[in-house]
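# Examining the three-dimensional arrangement
Okay, here's what each chain looks like letter by letter:
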Amino acid sequence: ENTANILTMENDQTDYSRSSPKKKSGFFNDLKQQRITAWKLRYTESSVSPVFIGYGAFLVALGIAVLLVSSNNSSDIKEFKIDYTFCANVANVSVTCAEYIQNPQIWSMENFQICQCKVQFELTKPMKGDKIYIYYALENFHQNLRKYVKSKDDDQLLGLIGSSEQPAEPVKDCQPFDRDDNGTIIFPCGAVANSMFNDSIQLYYEHDLQGDVPIVQRRRGIAWSTDVGYKFKNPPEFYNKSHPIWGRFTKPKDWNRTIWDLDDSDPENNGMENEDFMVWMRTAAFSKFRKMYRIIDTASQDILETGLPAGTYHLKINYTYEVTSFQGTKGIVLTAPTIFGQQNMFQGIFSISLGGISLVLGLLFLLCGYTCRHGKGSFTKSNVVMD
Amino acid sequence: LTVTLEVVRFIQALFINWDLDMYHPETDTFATARTSNLNEELGQVRYIFSDKTGTLTRNIMEFRGCSVSGAIYHPDDLIYGQNELLINLEKGGDSARDIRHFLILLSVCHTIIPEYPSEDDGGGETIYHASSPDEIALVSGARSLGYAFEKRTPTWVEIKALGRTDRYELLNTLEFTSTRKRMSVVVRSPNGNIKVYCKGADSVIFERLKRDRATEVMRRRTDTHLHQFSTSGLRTLCCAMREISEEEYNEWQVIYKKASTELHEREKRVEEAAELIEKDLHLLGATAIEDKLQEKVPETIDALLKAGISIWVLTGDKQETAINIGYSCRLLNPTMELLTINKDSKDETWDCIVEYISKSDATATRSKQHMAVVIDGATLKYALHPDVSEDFLALCCRCKAVIVCRASPMQKAEIVELVTEQTGDITLAIGDGANDVAMIQKAHVGIGISGQEGLQAALASDYAIAQFRFLTKLLFVHGAWNYDRMTKLIFYSFYKNICLYIIELWFAIYSGWSGQIIFERWTIGFYNMFFTCAQPIAIGVCERHYSAETRLKYPILYKLNQDSFNLKSFFLWIANSLMHSICLFWLSFFLYGSGVVWSHGKEGGYLVLGNFIYTYVVVVVSLKSGLETRTWTFFSHVSIWGSILLWFVFLILYSYAYVYFPVGQEMLGIAGLVFSSPVFWVGLVVVPTATLLPDFVWKAMEVPEFETLNVKMRSFDEEKGKLRKQRRSHKKGSEDLHNLGVLQAIDRVRNFFAAKEIGNNKQQAGAMTEADMRNSSGDTFNPEDLLNLQVNEDQDEQDDESSLGREENLNQMGTALVVRSIHVRKEEVLYLDGLDEIEIG
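Residues numbered from 1 in each chain as written. Chains lettered and ligands numbered in written order. Predicted model: local features only at pLDDT ≥ 70, side-chain atom pairs only at ≥ 80, totals over all residues. Heavy atoms only, no water.

### Considering the overall build of chain A
A tally of regular secondary structure across chain A gives 11 helices and 14 strands. When the 387 residues of chain A are sorted by exposure, 52% land in the buried category. Summarising the internal contacts of chain A: among those between residues at least 6 apart in sequence, 78% fall at separations of at least 24. Carbon and sulfur atoms provide 55% of the accessible area of chain A, an area that totals close to 18,000 Å². (Helix = DSSP H or I, 4+ residues; strand = E, 2+ residues; numbered from the N terminus. Buried < 20%, exposed > 50% of the residue type's maximum accessible area, 1.4 Å probe, protein only. Contact = heavy atoms within 4.5 Å. Areas by Shrake-Rupley, 256 points an atom, 1.4 Å probe, with all protein chains shown as cover.)

Structure follows, in structure tokens:
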């Protein structure tokens, strides 16, 4: 875009009068003689100003469009966040779940009880969309550490775990999450799998008449089709839980379920092919990230009609995922779909300001082209190209 | 980078080999680059060491004219099919006698050995052999005028004078030595008279002439002719003779014999003896020989000097010859002060050098233009002594030209080495013969003249060219281009790598310095290999900073860009690339947010961001190469758009590679992810442009180089405070001046005025006032006067418009034009001088 009107033709036509039989025209010869046609870009104030102005206008328009699409307006909201790191234990309100699960004793208690939270919130305006996405958002969780990222076994993820006689050895990168204390191979091994987010969250709409209505949350369709199709496969033995091979493997240390229980409702959505697992395995770029948890299909639910109506909601959370030990936080994000994915004002604002800057520059150059240069008595209008 | 450099250098070398402008049809030789590592050094040459014979000159002497008894004759001037000289010879009279003696002298006074072509070869002309080609030229010249030298025995020479064979008895031969600077023969002519024929340098001959009025008149006239000859670059010798009586000869012969058999200080004695007979000479005239320069040597030297290159001519020849050649190839000009250093001891040499230095300090600024050092081999030995060499170098570096004569091959090499080591500038040595090999190898860039007999020089050289004149094309075009290209290429290569890899550093801030990379491994690997390899090559091969024609026309451009590869530029580029990487990373960072950049709400992971950034990097880096490219050729387009396209294609292919091959597991489907994200496309517009915006603005603000020249000139002019008036009265000229860029304008103005001047001279010569005549012609030309005059006339023009008669007014304007034209030329000279000084400063 920066070349359009600042092209000046340079033609290195020279006299071929020095008649040498070898001196011929033609592209290849010109190339050899280094006189192929060239365009010379001349960046002068007056030649670039239209570029700046045109481009600036385009950017401003783009930015405004982006902003319109993604920002909250008066009638609905696009995104809602709530942090539940320190939510209270339903069974014992004096203790937060964060404290509760940090107490090592609870794991050895005989009547172990999962810490449950109830997090209430209100949508002041409806959130529109035929789908509403539920994300869990983690902060200060470094999924981007080198050793962490590497710590997985692609073969395992593809279900290549060997036979019961000779189980496949996990890759070294998985250490120290390759075997448990007894030496049994962990499947799936590695730090990434081990640290999988395992809170379970259910959203309820507090309907005026019907009371707490659980909202149906879809568990499938949250992972990338390429992941589903190519990267994650269950071993054939997966569907025979009593197969001797499973005696050689164990679940990751920090999981509170086996690989068969990841989705109780859908046996297909388990093991390596569990979409929550796939989503988790695609490591995030920054320590503050969100990952898709569930999708709400609003159209198929009577109460929701065209989205989440304004009103009070609460989340019931089985709080099992520990983040406070590394000063992390976790939360839930609800978003309505926009073209640009998550709500990100930066895109629009930046576009507009960049456009603005180039508009201003363009105008300055325009002015300059007519005043400063002429004051100095310059040459911009000349179409004679020195070179 | 190394690979790119090598590829580019190789292609540049090919360009040199292919260049038809450096093709010499006579010998059917192209220039050959025997190494490609020095392509860019050709663009930084500050010192040229040139051999003379065979390099500057063809070493073929030609008799080009003579001045006999006060008249100039050219061998080619024919009247009615006969040479004027011979016509005058037949006319008889004093002048005929002089002419006859002159021709006899030419055919007798020499040390040539003739070789007779055998009958088998079909006879033909006698071939002459001599230690000096000058003599051959003179004798051949005489032959062409009808006085052919035929035979020589130790006691006589036989000449065929206009068909008649005459035998001259050789009584004595007083040989040429560098101190005597002349040679004489004492002969007995066929009619029995004894004559002394003497030829030699004008200075020594003139001292020994008869002291009478007629001779004095002759001397003056001949002197003028000599001056004419030497200013047109011809080598001159004076010829004189004396008739002596038998008694005088006998008397002298005794002395001479005694002197020549002396054991002690024989040379000196012989000289003294010779003095006795070489006196009261009758001046016959002078000869002019051209040591034919190679084609366009003066123009080439002129251009090289203008480009700020110091030229050192290192020759084995004697001093006079060297100086003569210096003049004829415009290395020296008559306004130059020659600092001759001929001393016999180290201390004297040193003193002499120090004295010259202090002298040049006194004349300060303009010294560089107007001094040339001439030193001979014997003195050079002292000058190269470690104690002295520093001062010697200091002196030489103040001069535009240095001529070293009687230098041995070793000395040539030593002096080249000295300059190369001490100044640290790029030196170039050019020569053709085996004796130049040492020097060629010592200099940074060695150039051999190829296509002639010897191959040693060409084989030892880095570049071989057929003619000296090709040096301009090689240096100004190939050298300067290649330097510019290499500079850009290297900077650009640093830039592109920093731009990409520093982003990893920025990412490390977020990844807890764990060393996690944000790009996929193989894509990083292919960055330099595929996606950013074409751009630097395109720059390195196709960039042409100023066209070849411009560069050849304005040698000063060579000097102008010579130090573009400097630390400042380097840091600017580094800063630039840091800026870009910061922009690229954080803009993408903010755009990407928490990674949900699709309407279907899925989250992309780190590699999607990585590929966003990578794409933007490729685009930015490609466009940046476009911004830096001055001349967009077909290849620039291919490299820039092609590289971007290549990356997109690669990304798509690589994204699906895992389906078929066990590579790129992490990259699986990334292309689909990236391209389906609207944020990516918004970013593709916003991020590269935001990154390059400052660069683009900078480019637009940057004053083009010609403008810089322009400004420089203008500031110089304002210092002088003169051109303004010129402009006021000459709107047309001033517009041109701005519109065309200074250099062109100067050319135009010059042509314009030259044309005017001719016209005006013809029409209005009569109308010139006496004062104008005095001012605008002759040696007493004083630019200051002229300026005053012009100012006055400017006023006159305004004041007198009404009062003066129209005709008179016209006349005056015409005169003013003439004056102004000279004025313009003067200013040009001043301007160029000034520019030089600015450059030096």
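### A look at the UniProt feature "transmembrane region" (unreviewed entry) in chain A
With numbering matched to this structure, UniProt assigns "transmembrane region" (unreviewed entry) to residues 48-69 and 349-372 of chain A. What you have in residues 48-69 of chain A is 100% helix and 0% strand, and the ends, taken at the C-alpha atoms, are 32 Å apart. (UniProt positions renumbered as here; feature names shortened; annotations may be inferred.)

### Digging into the packing of aromatic side chains
Where two aromatic rings form a pair, the distance of their centres and the angle of their planes describe that pair. Across all of its chains, the model carries 80 aromatic pairs over all chains by this definition. Centre to centre, the rings of Phe 634 of chain B and Phe 635 of chain B are 5.2 Å apart; their planes meet at 75 degrees, and the pair counts as edge-to-face. Of the residues examined, Phe 635 of chain B reaches a relative accessible area of 25% and is grouped as partly exposed. Ring geometry for Phe 648 of chain B against Trp 681 of chain B: centres 6.5 Å apart, planes inclined by 5 degrees, an arrangement best described as stacked. With Phe 648 of chain B in helix H25 (residues 634-660) and Trp 681 of chain B in helix H27 (residues 678-701), this pair connects stretches of sequence that are 33 residues apart. Under the relative-accessibility criterion, Phe 648 of chain B is labelled buried at 15%. Among the residues examined, Trp 681 of chain B registers a relative accessible area of 39% and is labelled partly exposed. Over the aromatic face of Trp 156 of chain B sits the side chain of Arg 167 of chain B, whose NZ or CZ is 3.6 Å from the ring centroid. Taking NZ or CZ as reference, Lys 602 of chain B lies 5.6 Å from the ring centre of Trp 224 of chain A, over its face. (Phe/Tyr/Trp six-rings, centres within 6.5 Å; stacked < 30°, edge-to-face > 60°. Lys NZ or Arg CZ within 6 Å of the ring centre and 35° of its normal.)

### Let's talk about the domain arrangement of chain A
Residue and element names in this part refer to chain A. When cut into domains, chain A gives domain 1 (43-77 + 342-372) and domain 2 (79-337). Computed from C-alpha atoms alone, the centre-to-centre distance between domain 1 and domain 2 is 42 Å. Counting residues at the interface gives 8 residues for domain 1 and 8 residues for domain 2. In this assembly, domain 1 packs against domain 2 so that about 690 Å² is buried in total across both faces, 50% of it on carbon and sulfur atoms. For the interface between domain 1 and domain 2, the tally reads 0 salt bridges. Counting across the domain 1 and domain 2 interface gives 1 residue pair in polar contact (both at pLDDT 80 or more). For the side of domain 1 that touches domain 2, a count of residues per class yields 1 nonpolar, 6 polar and 1 charged. (Domains from an automatic or database assignment. Buried area = accessible area lost by both parts, 1.4 Å probe. Salt bridge = Lys/Arg side-chain N within 4 Å of Asp/Glu carboxyl O. Polar contact = N/O pair within 3.5 Å; in protein donor to acceptor, adjacent residues only side chain to side chain. Nonpolar A, V, L, I, M, F, W, Y, C, P; charged D, E, K, R; others polar.)

### Some remarks on unusual backbone geometry
Here the amide bond leading from Gln 175 of chain A into Pro 176 of chain A is cis, since omega sits at 0 degrees, within 30 degrees of zero. With respect to the element layout, Pro 176 of chain A can be found in the loop between helix H6 (154-157) and strand E7 (185-186). Note the cis peptide between Phe 187 of chain A and Pro 188 of chain A, where omega equals 0 degrees. With respect to the helices and strands, Pro 188 of chain A occurs in the loop between E7 and helix H7 (191-194). With a phi close to 50 degrees, Asp 280 of chain B is a non-glycine residue in the positive phi region. Inspection of the secondary structure assignment puts Asp 280 of chain B in the loop between helix H8 (266-277) and strand E15 (282-293). Classification of Asp 280 of chain B as partly exposed rests on a relative accessible area of 39%.

### With respect to the confidence of the model for chain B
Residue and element names in this part refer to chain B. The pLDDT averaged across chain B works out to 77; a share of 79% of its residues lies at or above 70. In the model, residues 710-746 has pLDDT below 50 throughout and makes 68 contacts with residues more than four positions away in sequence or in other chains. When the criterion is pLDDT under 50, residues 756-841 qualifies, and its contacts beyond four places in sequence or with other chains add up to 102 contacts. Predicted complex metrics record ipTM = 0.89 and pTM = 0.78. (pLDDT = per-residue confidence, 0-100.)

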